[in-house]
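Residue-level listing of the chains:
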Amino acid sequence: MSANELAEQVEINPSAIRRHLREMRAAETIEVVEVRRRRGTAEQVYGVCADFILSEAERAEASPDTRRRLDGYVLKVALGEALRSLVSNPTP
């Protein structure tokens, strides 16, 4: 799922989503799984790091569609929780 797709899902500005995605990448919970070329720019598509939810063997056995749906769900939930926390407890 890309930052723009996630922003649509949780109804938050894409730039705020991108900041949280950078933090999640730094924590090694997500990774870039695809780069899409659109109108001269590169859109990164994120997925959950393989061993964050499933073992490597379980992930290898799952279909690409199942992995994509699981990644999208985890990203949506994680970002939704992070953003709700920021709204409830803004930092100065």
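Heads up: the structure comes first, above all this text.
Reading the values: the criteria
- Residues numbered from 1 in each chain as written.
- Predicted model: local features only at pLDDT ≥ 70, side-chain atom pairs only at ≥ 80, totals over all residues.
- Heavy atoms only, no water.
- Helix = DSSP H or I, 4+ residues; strand = E, 2+ residues; numbered from the N terminus.
- Expected span 1.5 Å × (residues − 1).
- Buried < 20%, exposed > 50% of the residue type's maximum accessible area, 1.4 Å probe, protein only.
- Arc of directions from axis to C-beta.
- Polar contact = N/O pair within 3.5 Å; in protein donor to acceptor, adjacent residues only side chain to side chain.

A. Highlighting unusual backbone geometry. Of note in the backbone geometry, Arg39 takes a positive phi value of approximately 50° without being a glycine. With respect to the helices, strands and loops of the structure, Arg39 is situated in the loop between β1 (30-38) and β2 (41-48).

B. Quick look at helix α2 (residues 14-26). The end-to-end C-alpha separation of α2 is 18 Å, in line with the 18 Å expected for 13 residues at 1.5 Å each. Ala16, Ile17, His20, Leu21 and Met24 are the residues of α2 that are buried. For α2, the angular spread of the buried residues around the axis is 140°, confining them to a single face. In α2, the exposed positions angled more than 90 degrees off the buried face are occupied by Arg22 and Ala26. Residue Asn13 occupies the N-cap position of α2, its side-chain oxygen lying 2.7 Å from the main-chain nitrogen of Ser15. Phi for Glu28, located one or two positions after α2, is positive at around 60°.

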